[in-house]
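# Close look at the chain arrangement
The chain contents come next:
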Amino acid sequence: MGCRQQMLRDCLPLVTWCQRQHQNKVLSRANLQQVQPGQHENVPCPCSCSRGPRGSAGEDREGFAKQIHCPPPQLPISGLRLAYHLLEAIHPAMPGLTPSGLSFLLGLVALLGPAVGAPLCLSRLLKMEGDYTLGGLFPMSSAEGTDFGDRTKPESITCKRFSAFGLLWALAMKMAVDEINNGSALLPGLRLGYDLFDSCSEPVVAMKPSLVFLAKAGSRDIAAYCNYTQYQPRVLAVIGPHSSELALVTGKFFGFFLMPQVSYGASTDRLSNREMFPSFFRTVPSDRVQLMAIVELLAAFSWNWVAAVGSDDEYGRQGLSIFSSLASARNICIAYEGLVPLPLGHSAPLGQVEKLLQIVNQSNVQVVVLFASARAAHALFSYSVHSQLTPKVWVTSEAWLSSDLVTTVPGMAQMGTVLGFLQRGAPLPEFPSYVATFLALAADPAFCTSLDAAQPGLEEHVVGPRCPQCDHITFKNLSTALKNHQSFAAYAAVYSVAQALHNTLRCNASGCPAHKPVQPWQLLERMYNMSFHARSLELSFDANGNVDMEYDLKLLVWRGQEFEFHTVGTFNGQLHLHHSQITWHTPGHKPPVSQCSRQCAEGQVRRVKGSHSCCYDCVDCRAGTYRRHQDDLFCTQCGLDEWSPDRSMRCFPRRPKFLTWREPITLGLLVLLGLVLGLTLATLGLFIHHWDSPMVRASGGPLACFGLACLGLVCLSVLLFPGWPSPTGCLAQQPLFHLPLTGCLSTLFLQAAEIFVESELPQAWTGRLQGWFRGPRAWLVVLLAVLAEAALCTWYLVAFPPEVVTDWRALPQEALVHCYVRSWVSFGLVHATNAILAFLCFLGTFLVQSQPSRYNRARGLTFATLAYFITWISFVPLFANVHMAYQPAVQMTAILLCTLGILASVHLPKCYLLLWHPALNTLEFFLGEGPRSAGETQENQESVTPDPVSSPPVMPIQ
């Protein structure tokens, strides 16, 4: 019956057998001839291969596949014949075979196939001749149980433990070669061969096949030449190895010959160095990309207190170095960093592993980043299970997560939660069926017997069996590995070399040129920055030989003794998690917390304790500072125009602060201003109304009215203090207050001098000095006092002019706008003229004895000067200690109280007598003129001596 399109890959091993039976004729479009069943009956060809009509230029291998007819081969063993018929019967479902269906199928084949107990010939199928041969290094066995330290001679070494993953990588390469050979897209008319060897992940084992690859074509000798430009080795390029440690050795070895080497698993960042490894490429991203994904995973779960463990080899050491720098940049602290020694011989140094695990437990971390090779991870987990290590979250690297060496450790399910990143690649759904068909063919004794006659040049007497353990496996050995195997990288590596060969030979849709020699360095030239297709993906090598591929975050889930990988996230430069699909080992299945210290609350920063930045105390940010970022170690100062409260997360803009008109204190002072100004104006009006009365004349007449007008101007000067400060207002505040006050105090000084002269000096001096106290000369005294004060104010404004400033620090939440006094000494000197006038006035009236039956003018002046001094002496400490925002209000209060004190002490008593005791408004009472009764008794004198403040006289003056 005819093969379906999707049966091509299952027929490929059988087609290969058919080719070899027909005298090694290449099955290609160039020389394909129709072979009908029945012909060559002495040759057990399982497939009848006919060439259909040539298709168009774009005809692909699938179109050609329809011309292959594969009847069931005549297998000599009944069990294998039945197994093949079962495979053929269920074949249409195999490309999409589920893991459970695959397990059932392989279990059934395992039950039926090896009934006779004959070994497979799989190791002899790891070589196929072709026009161009590719070498392959695959870890089809491991060094577990092999003691390399006992070697005393350079003899052949055979690793003992079979590795299913390594064999599957080799078969993925074989499947890619078969697809290319039977397709027309890349190398039409040509045939790729392959020569696959077991590397055992050990340089001492991989060196022999590496020498074989570099041997001269057709021989097993490596010649020494001065120039290797025309040197033709046995293979054109090498696929592998998988181990970074091994790639560092082979990369330099092949780099000398400039032989292209495409690894499907070596990811250490050191291999990106083009100077040291000029011919190295890989179909997996660099470790730096994987470590960036690991750091993003730690940050996503806020795990900043972790242990980092690596294998004691190049892969682990460099991985830990890169992880340390990346973690530090994300404020992730490494509580402990250690290396797992590689096992030597039959056992690992358990003492070092035990010490490492004890330190990890003592560090109280819940997350361990394990960046190690498979052998080191196996040693670590084996002892961890034995010592019953506390379950933790293991964030793993791809190197050991993709190895069955670790996942088969007994008790691995009790280690906790295992998360790791595996590259995504493109799906290969038909790969399980390809493996099953290939192994069924390798179990056929007749087919294996034919290989001995058809391929005598395997040189196994030189290289030895390529994979002796592979000949003793069963299908069951591969069932678990097939479900979780990542085979795309090895598959894509073959396509990268094929694309480079396609470009070198300049193939097109009509075919490739006739077979011509191609040196490896010629192929290498085409691989730099080359793009190629592998299934649905378009990949390209960058300048360092790396490819850019996405990662899947895998969760290791155990089902009894078997495990599965569940995809719980992706990484393509950014991490995307599926939180609901992650099953944790913790109670309640909640993500574990791995932090040295709790997260600080809002408005708190960390004060680091010890050497780890993740161990800290939380400190509050004070007012004026804030926490900018969550991981800040210091509070950030707000700007000058900003403020913040305690434990703030941001700053707020400051509002301007000054003495506004609407503030309660301003309104209260304005009420006081109205009262004082009203009394002053009322007194001035009353004096003007009684201009010629003895009281007004005794008070100085025009000088008294001038003094009252000056008091009114002093009151009005307080209006310069409220409101937004302006430069003009700041300059005018002191002069407009002090000059009117000087005018007022100078009139009081004249009255005090007159009283002093009349009472204390001889009568002759009275007439001589009388002209200076009244009349034009008195105005000259007032003018001189005002000019002196004006000079002081001018000097103050010129030498130390006040200015408008904004103080950003005076208030916690506002910006204080005020008039800034540059010199407090000059500010005090401005008060000097007024202070001297007030002091002289006080001296002239304090000791004056009042005469009976006359108005005591001296007492009022004394109290007025006392009010002045009490006000301004109290002003100094109050002004110095009150907050700067309220200093204008203090000045306003002092001015108004000083004015009110002068008004209440000197003028209001006179107004009282003038309004309520007009009979006392006489020349004799105020000026001491007119007849007086000499016979007045002391009793009468006391009764007529008025006290204008307390009790006005009640007896009229005669």
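Residues numbered from 1 in each chain as written. Predicted model: local features only at pLDDT ≥ 70, side-chain atom pairs only at ≥ 80, totals over all residues. Heavy atoms only, no water.

## Structural notes on the confidence of the model for the protein chain
Here the protein chain shows a mean pLDDT of 79. Residues at 70 or above account for 79%. Scored below 50 in pLDDT, residues 106-116 makes 18 contacts in the model with residues more than four places away or belonging to other chains. (pLDDT = per-residue confidence, 0-100. Contact = heavy atoms within 4.5 Å.)

## Here we look at the layout of surface pockets
By volume, the second largest pocket is sized at about 580 Å³. Surrounding the second largest pocket, 37 residues form its lining, Ser201, His242, Ser243, Ser373 and Ala374 being those nearest its centre. Breaking the lining of the second largest pocket down by element, the ones donating at least two residues are β5 (141-142), α5 (164-181), α7 (244-256), α11 (374-386), α12 (398-401) and α13 (404-407). Ranked by residues supplied to the lining of the second largest pocket, first place goes to α5 with three residues. The class makeup of the residues in the lining of the second largest pocket is 14 nonpolar, 16 polar and seven charged. (1 Å grid on protein atoms, 1.4 Å probe; cavity = no way out; pocket = protein on both sides within 12 Å on 5 of 7 lines; lining within 4 Å. Points joined across faces, edges and corners; volume = space filled by probe spheres on them. Helix = DSSP H or I, 4+ residues; strand = E, 2+ residues; numbered from the N terminus. Nonpolar A, V, L, I, M, F, W, Y, C, P; charged D, E, K, R; others polar.)

## Some thoughts on the pairing of strand β29 (residues 814-820)
Sheet analysis places strand β27 (residues 655-657) next to β29, joined by three bridges and oriented parallel. For lysine 657, the partnering residue across the bridge sits in β29 and is leucine 816. Across five bridges, the pairing between strand β28 (residues 803-807) and β29 is antiparallel. In the strand pairing of β29, threonine 806 is matched with valine 817. Turn length for the β28-β29 hairpin, with the two strands adjacent in sequence and antiparallel, is six residues. (Pairing = 2+ DSSP bridges.)

## Quick notes on the side chain of glutamine 887
Position of glutamine 887 among the secondary structure elements: in helix α29 (residues 887-916). Within the structure, glutamine 887 has its side chain in polar contact with the backbone oxygen of phenylalanine 879 (distance 3.3 Å). (Polar contact = N/O pair within 3.5 Å; in protein donor to acceptor, adjacent residues only side chain to side chain.)

## Here we look at the packing of aromatic side chains
In this structure the tally under the stated criterion is 37 aromatic pairs. On the numbers, 5.4 Å between centres and 75 degrees between planes, the contact of phenylalanine 706 with tryptophan 779 is edge-to-face. One end of the pair, phenylalanine 706, is in helix α22 (residues 702-716); the other, tryptophan 779, is in helix α25 (residues 776-799), and 73 residues separate them in sequence. In this structure an aromatic cluster arises from ring pairing among Tyr225, Tyr228, Tyr231, Phe253, Phe254, Phe256 and Phe257. The aromatic ring of phenylalanine 281 is capped on one face by arginine 274, whose charged end is 4.8 Å from the ring centroid. Over the ring of tyrosine 616 we find arginine 606, and its NZ or CZ is 5.0 Å from the ring centre. (Phe/Tyr/Trp six-rings, centres within 6.5 Å; stacked < 30°, edge-to-face > 60°. Lys NZ or Arg CZ within 6 Å of the ring centre and 35° of its normal.)

## Some remarks on the state of the cysteines
Under the definition given, this model contains 10 disulfides. For cysteine 467, the disulfide goes to cysteine 470, at an S-S distance of 1.9 Å. With the S-S dihedral at roughly 65 degrees, the linkage between cysteine 467 and cysteine 470 falls on the right-handed side. Exposure class is identical for cysteine 467 and cysteine 470. Each is buried. Disulfide partner of cysteine 507: cysteine 512, at an S-S distance of 1.9 Å. Disulfide cysteine 507-cysteine 512: the torsion about the S-S bond is 115 degrees, which places it as right-handed. Cysteine 507 sits in the buried class, given a relative accessible area of 10%. On the accessibility criterion, cysteine 512 (17% relative accessible area) is buried. Take cysteine 715: it sits in no disulfide, and the sulfur closest to it among the cysteines is that of cysteine 898, at 9.7 Å. No disulfide involves cysteine 898; its nearest neighbouring cysteine sulfur is the one of cysteine 744, lying 8.2 Å away. Note on cysteine 898: relative accessible area 1%, which makes it buried. (Disulfide = S-S within 2.5 Å. Buried < 20%, exposed > 50% of the residue type's maximum accessible area, 1.4 Å probe, protein only.)

## Description of the pattern of salt bridges
Oppositely charged side chains may form a pair once their charged atoms are brought near each other. Tallied over the entire structure, the rule returns 16 salt bridges. Close ionic contact of arginine 822 with glutamate 803 constitutes a salt bridge, the shortest N to O distance being 3.4 Å. Residue arginine 822 is located in the loop between β29 and α26 (824-830), and its partner glutamate 803 is located in strand β28; the two are separated by 19 residues in the primary sequence. Residue classification places arginine 822 among the partly exposed residues on the basis of a relative accessible area of 44%. Owing to a relative accessible area of 31%, glutamate 803 belongs among the partly exposed residues under this scheme. In the salt-bridge network here, residues are joined through shared partners; they are Lys127, Asp195 and Arg466. (Salt bridge = Lys/Arg side-chain N within 4 Å of Asp/Glu carboxyl O.)

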